[in-house]
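Read off the chains here:
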Amino acid sequence: MPELVDKFNRKIDYLRISVTDRCNLRCIYCMPGEGIEFKSHQDILTYEEITIFARHAVQAGISKIRLTGGEPLVRRGIVKLIEYLSSIPGLKDMSLTTNGVLLVEFLSDLVKAGLKRINISIDSLDDSIYQHITRVGDVNRVKKGFESALRAGLNPVKVNVVVLKGINDDLKDFVKLTFDLPVYVRFIEYMPFSENIKSDFFVSCETMRESLKNYGILEEASLPQGAGPARYFKVKGALGTLGFISPMSNHFCAECNRLRLTADGRLRTCLFSDEEIDLRNYLRGEAKAQEIEKLIRETLSRKPKDHLVHQKEFIRKMYQIGG
């Protein structure tokens, strides 16, 4: 199988595909309360176009695909897309990131379609805090979602927590969760993507780890499949693990292995770079496989060595790129 390698000798084998900019939550660190102006259906890639691109990407060297949003489960027919992608020869891993609100309803069909593992975003296990962060969410629906994912045999089941200073930075409920369930909890540093969002939410991973000392010694833990940039630890006696993802305080650009395709067909090399190539017209035209694969390699040649998150305001927001 061919390899994709950038000019800094990083092997690129992971593609994150955003299928929609729509979401059924309005998290305070992601979207304004009044919502946003969504892309029209004509502007969003069809499932057939996504599958065509994914097939070319796998031929070029991609072996892992993750679907994101917005919230991917709000897009009609999402199970069919997972079925399409899972059937691509050479694709080794098919995963999904979801806020979990609709997971119970979809889970059985997702697994049948070929989903291998899942990341569930839930920023608090306390109902009042969860409602404050999401503005509209019901934490119990999400809890049922990751419990169902475990029963369905998805492995690993990762729980993503964006930690916000003064709001959900008491992490004891998640420590307890790792004693109750074999989940991989990952605490993620807040990333400032918009001038309309508060910048004083930030809590460093070092501060998070210090706050957990009262719950026992954190020992280095084995890495799950698709471990990504997280560092994993375990409290003695726990079934699950605690991971820390530090895009701000200790970024992991040297190990970055991913490309991103936005819902409207832009190929990006970095979450924190607005440089992108518009593939939508190529996918809707008569472009041949060699042309698409050439565009992938041309885009990869622009992948920066490091991100510039501290130095700029971004044109595109997180929900427009894909988390």
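Use the structure listed above.
Each residue is numbered by its place in its chain's sequence as written, counting from 1. This being a predicted model, a pLDDT of at least 70 is required before a residue's local features are given, and a value of 80 or more before pairs of side-chain atoms are given or counted; all residues contribute to the totals for chains, interfaces and linings. Only hydrogens and water are set aside when side-chain values are computed; all heavy atoms of the structure are taken into account.

A description of the layout of surface pockets should follow, citing residues and the corresponding values.
Taken as a whole, the second largest pocket encloses approximately 270 Å³ of empty space. Points on a 1 Å grid over protein atoms alone make up a cavity when a 1.4 Å probe fits among them but cannot get out, and a pocket when they form an open set with protein on both sides within 12 Å along at least five of seven lines; lining residues each have an atom within 4 Å of a point. Lining the second largest pocket we find 13 residues, and of these Pro229, Arg231, Phe244, Ser246 and Asn250 sit closest to its centre. To qualify as a helix, a DSSP run of H or I must reach at least 4 residues; to qualify as a strand, a run of E must reach at least 2; elements of each kind are numbered from the N terminus. In terms of residue count, the dominant contributor to the lining of the second largest pocket is helix H7 (residues 205-211) (three residues). In the scheme used here, Gly and all other residues not listed as nonpolar or charged are polar, with Ala, Val, Leu, Ile, Met, Phe, Trp, Tyr, Cys and Pro taken as nonpolar and Asp, Glu, Lys and Arg as charged. Looking at the lining of the second largest pocket residue by residue, the classes come out as four nonpolar, five polar and four charged. Grid points are joined across faces, edges and corners, and a volume is the space filled by probe spheres set on the points.

So what's going on with the nonpolar core? Which residues, and what values?
Phe53, Ile65, Leu67 and Phe187 are the most contacted members of the largest nonpolar core, which totals 99 residues. Per-element accounting of this core gives the leading share, seven residues, to helix H1 (residues 47-60). Whether two residues are in contact is decided by their heavy atoms: any pair within 4.5 Å suffices. Look past the residues within four positions of phenylalanine 53 in its chain and what remains in contact with it is Leu15, Leu261, Leu267, Leu279, Leu283, Ile292 and Ile296. Only buried residues count toward a nonpolar core. Its members are Ala, Val, Leu, Ile, Met, Phe, Trp, Tyr and Cys residues joined through side-chain atoms within 4.5 Å. Burial here depends on accessible area, computed with a 1.4 Å probe over protein chains only, as a share of the maximum for the residue type. Under 20% is buried, over 50% is exposed, and the range in between is partly exposed.

Pulling in residues and values, what's your account of the packing of H1 against helix H9 (residues 289-300)?
Only the stretch in contact is used when a helix axis is fitted, and all axes are lines through C-alpha atoms; the angle between N-to-C directions ranges over 0 to 180 degrees. Between H1 and H9, the least distance of the axes is 9 Å, while the angle of their chain directions is 70°. Here H9 runs roughly perpendicular to H1, going by the angle between their axes. Note on packing geometry: the crossing formed by H1 with H9 is right-handed. Residues Phe53, His56, Ala57, Gln59 and Ala60 of H1 touch H9, and the partners they reach there are Ala289, Ile292, Glu293, Ile296 and Arg297. Any angle between 65 and 115 degrees counts as roughly perpendicular, while under 35 counts as roughly parallel, over 145 as roughly antiparallel, and the rest as oblique. Handedness of a crossing is defined here by the sense of rotation of the near helix relative to the far one, left-handed for an anticlockwise turn of less than a right angle and right-handed for a clockwise turn.

Pulling in residues and values, what's your account of the environment of isoleucine 129?
You can see isoleucine 129 is positioned in helix H4 (residues 127-134). When the C-alpha atoms of isoleucine 129 and serine 246 are compared, they prove to be 23 Å apart, with 117 residues separating the residues in sequence.

Help me get a handle on unusual backbone geometry, residues and values and all.
Cis geometry is found at the peptide bond from glycine 69 to glycine 70, where omega equals 20°. Residue placement: glycine 70 occurs in the loop between strand S2 (64-68) and helix H2 (78-86). In this model, asparagine 155 is joined to proline 156 through a cis peptide bond whose omega is 0°. Residue placement: proline 156 occurs in the loop between helix H5 (139-151) and strand S5 (157-163).

Residues and numbers for the sheet that holds strand S9 (residues 241-245), please.
As a general point, the strands of a sheet are linked pairwise by backbone hydrogen bonds and lie either parallel or antiparallel. Here we have 12 strands laid out as an open sheet, ordered S7-S8-S9-S6-S5-S4-S3-S2-S1-S10-S11-S12, and mixed in their pairing. Bordering the open sheet on either side are strand S7 (218-220) and strand S12 (276-278), each of which pairs with just one other strand. The average angle at which neighbouring strand axes cross in this sheet is 25°, direction not considered. In terms of strand pairing, strand S8 (residues 231-235) meets S9 through three bridges, oriented antiparallel. Bridged to arginine 231 within S9 is phenylalanine 244. The strands that H5 touches are strand S4 (117-121) and S5; relative to S4, the one it contacts most, it runs at about 165°. Here, strands pair whenever DSSP counts at least two bridges between them.

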